[in-house]
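# Fold and geometry: a report
Residue strings, one per chain:
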Amino acid sequence: MKTDDLISMLAQDAAPPPAPPLGLRVALGLGLGFGAALVLFFLALGPRPFLMEAVQNPVVLAKTLLPLALFGFATTLGLRAVRPGVPMGRSSRIIWLVPAVLAGLVVWALVTTPRGEMFLDWVGHSIPVCLPAITVLSLPIMAGLITALRRGAPVDPQAAGALAGLAAAGLATAIYSTFCTEDSPLFYATWYTVGIILTAGLGAWAGGKWLRW
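Okay, so let's go over this structure. (Residues numbered from 1 in each chain as written. Predicted model: local features only at pLDDT ≥ 70, side-chain atom pairs only at ≥ 80, totals over all residues. Heavy atoms only, no water.)

## Remarks on the overall build of the chain
The helix and strand tally for the chain stands at 10 helices and 0 strands. Mapped from its N terminus to its C terminus, the chain presents α and β elements in the order α-α-α-α-α-α-α-α-α-α. Radius of gyration (C-alpha) of the chain: 21 Å, far over the 17 Å computed for a compact globule of 213 residues. The dimensions of the chain, computed from C-alpha atoms along their principal axes, are 90 × 35 × 30 Å. Within the span of the chain, comprising 213 residues, buried residues form 43% of the whole. The long-range share in the chain, meaning contacts at least 24 apart out of those at least 6 apart in sequence, stands at 83%. Here the chain has roughly 11,600 Å² of accessible surface; of this, 71% comes from carbon and sulfur atoms. (Helix = DSSP H or I, 4+ residues; strand = E, 2+ residues; numbered from the N terminus. Rg over C-alpha atoms; globule rule 2.2 N^0.38 Å. Buried < 20%, exposed > 50% of the residue type's maximum accessible area, 1.4 Å probe, protein only. Contact = heavy atoms within 4.5 Å. Areas by Shrake-Rupley, 256 points an atom, 1.4 Å probe, with all protein chains shown as cover.)

So this is what it looks like as structure tokens:
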């Protein structure tokens, strides 16, 4: 055996196995975070009574589907944000459909809700539960995402972290919505959005701290 061949063979044997693709890491991080969030949800909250009957109303169903759509778009953008040179693509524009649809639901609620009930529908009775629950349920999901995204190379770590927070908040809000009995868009368009923004801000802070390279 030639010396060059022997060196090449030894170098190949010593090389570490290739790291899993970033997408696979993100899927694993999301799976673990989602599982932990579900455990927290069922321990502390649980689904509302007659959930399946409630979601037959499109307005009620929207408070679950819209956060899920936000989760999907933000996850896609987060993956692209940690890959230098990869364009954000159409997802960066389509994601704005989520707040646009939400705004449409608010307009519908303003038109159809009796004036004397608007304030009560807006403040509801569960703000002290809603905001902490969305944030707490987001934490394990965001931790899984941030851990996975550390294998990338974001040009803007804070923006990538904010997208991770946005994705985590979207999924956590969808989970929480199955417990919440506040079905007016005046409530969930306001207070779910506040919880999501707070979590995205937390994600931006985490990204600035742990996604730098």
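## Notes on the packing of aromatic side chains
This structure, assessed with the given rule, holds 7 aromatic pairs. Plain terms: the ring middles of Tyr-188 and Tyr-192 are 5.9 Å apart, the flat faces sit at 40° to each other, and that makes the pair tilted. Here Tyr-188 and its partner Tyr-192 are both found in helix 10 (residues 185-210), 4 residues apart, which amounts to about one turn of the helix. Across this residue pair, the class does not change: Tyr-188 and Tyr-192 are buried. Pairing Trp-205 with Trp-210 gives two aromatic rings, centres 5.5 Å apart and planes at 85°, and the pair type is edge-to-face. Overall, Trp-210 belongs to the partly exposed group, its relative accessible area being 40%. Counting every residue linked through ring pairs, the aromatic cluster contains Tyr-176, Phe-179, Tyr-188 and Tyr-192. The cationic tip of Lys-209 hangs over the ring face of Trp-210; the distance from NZ or CZ to the ring centre is 5.7 Å. (Phe/Tyr/Trp six-rings, centres within 6.5 Å; stacked < 30°, edge-to-face > 60°. Lys NZ or Arg CZ within 6 Å of the ring centre and 35° of its normal.)

## Re the nonpolar core
Soluble globular proteins tend to pack their nonpolar side chains together in the buried interior. In this structure, Val-26, Tyr-176, Tyr-188 and Tyr-192 are the most contacted members of the largest nonpolar core, which totals 50 residues. The biggest single contributor to this core is helix 9 (residues 157-177), with 11 residues. Beyond its immediate stretch of four places on either side in the chain, Tyr-188 contacts Val-59, Ala-62, Lys-63, Leu-102, Leu-105, Glu-182, Asp-183 and Thr-193. (Core = buried A, V, L, I, M, F, W, Y, C linked by side-chain atoms within 4.5 Å.)

## What to know about a nonpolar patch on the surface
Residues Leu-139, Leu-202, Trp-205 and Trp-210 make up a contiguous nonpolar surface patch of roughly 390 Å² in combined accessible area. Here the nonpolar patch takes 3 residues from helix 10, the largest share from any one element. One can find Leu-202 in helix 10. Classification of Leu-202 as partly exposed rests on a relative accessible area of 30%. (Patch = residues over 30% accessible without salt bridge, like charges linked within 9 Å, V, L, I, M, F, W, Y side chains within 5 Å. Salt bridge = Lys/Arg side-chain N within 4 Å of Asp/Glu carboxyl O.)

## Comments concerning helix 9
Taking 1.5 Å per residue as the helical rise, helix 9 with its 21 residues ought to reach 30 Å, and the 30 Å between its terminal C-alpha atoms agrees with that figure. Within helix 9, 18 of the 21 residues are buried, leaving the element largely enclosed by the surrounding structure. (Expected span 1.5 Å × (residues − 1).)

## Quick look at the side chain of Ser-184
Among the structural elements, Ser-184 can be located in the loop between helix 9 and helix 10. A relative accessible area of 13% means that Ser-184 is categorised as buried. Other than its neighbours up to four places away in sequence, Ser-184 contacts Ala-109 and Asp-121.

## Notes on unusual backbone geometry
A positive phi angle, near 55°, is found at Phe-50, a position not held by glycine. Tracing the backbone shows Phe-50 in the loop between helix 2 (22-44) and helix 3 (51-54).

## Things to note about the environment of Leu-202
C-alpha of Leu-202 to C-alpha of Gln-158: the two residues are 44 residues apart in sequence and 9.8 Å apart in space. Other than its neighbours up to four places away in sequence, Leu-202 contacts Leu-139 and Met-142.

## Some remarks on the packing of helix 4 (residues 58-81) against helix 9
At a minimum axis distance of 7 Å, the contact between helix 4 and helix 9 shows a crossing angle of 160°. Taken together, the axis directions place helix 4 and helix 9 in an arrangement best described as roughly antiparallel. As for the relative orientation of helix 4 and helix 9, their crossing is left-handed in sense. Taken together, the residues of helix 9 that come into contact with helix 4 (itself represented by Lys-63, Thr-64, Pro-67, Leu-68, Leu-70, Phe-71, Ala-74, Thr-75, Leu-77, Gly-78 and Ala-81) are Ala-160, Leu-163, Leu-166, Ala-167, Gly-170, Leu-171, Thr-173, Ala-174 and Ser-177. Classifying every residue of the contact of helix 4 with helix 9 by side-chain character gives 13 nonpolar, 6 polar and 1 charged. (Axes fitted to C-alpha atoms, helices over the stretch in contact; angles between N-to-C directions. Parallel < 35°, antiparallel > 145°, perpendicular 65-115°, else oblique. Left-handed = near helix turned anticlockwise from the far one by under 90°. Nonpolar A, V, L, I, M, F, W, Y, C, P; charged D, E, K, R; others polar.)

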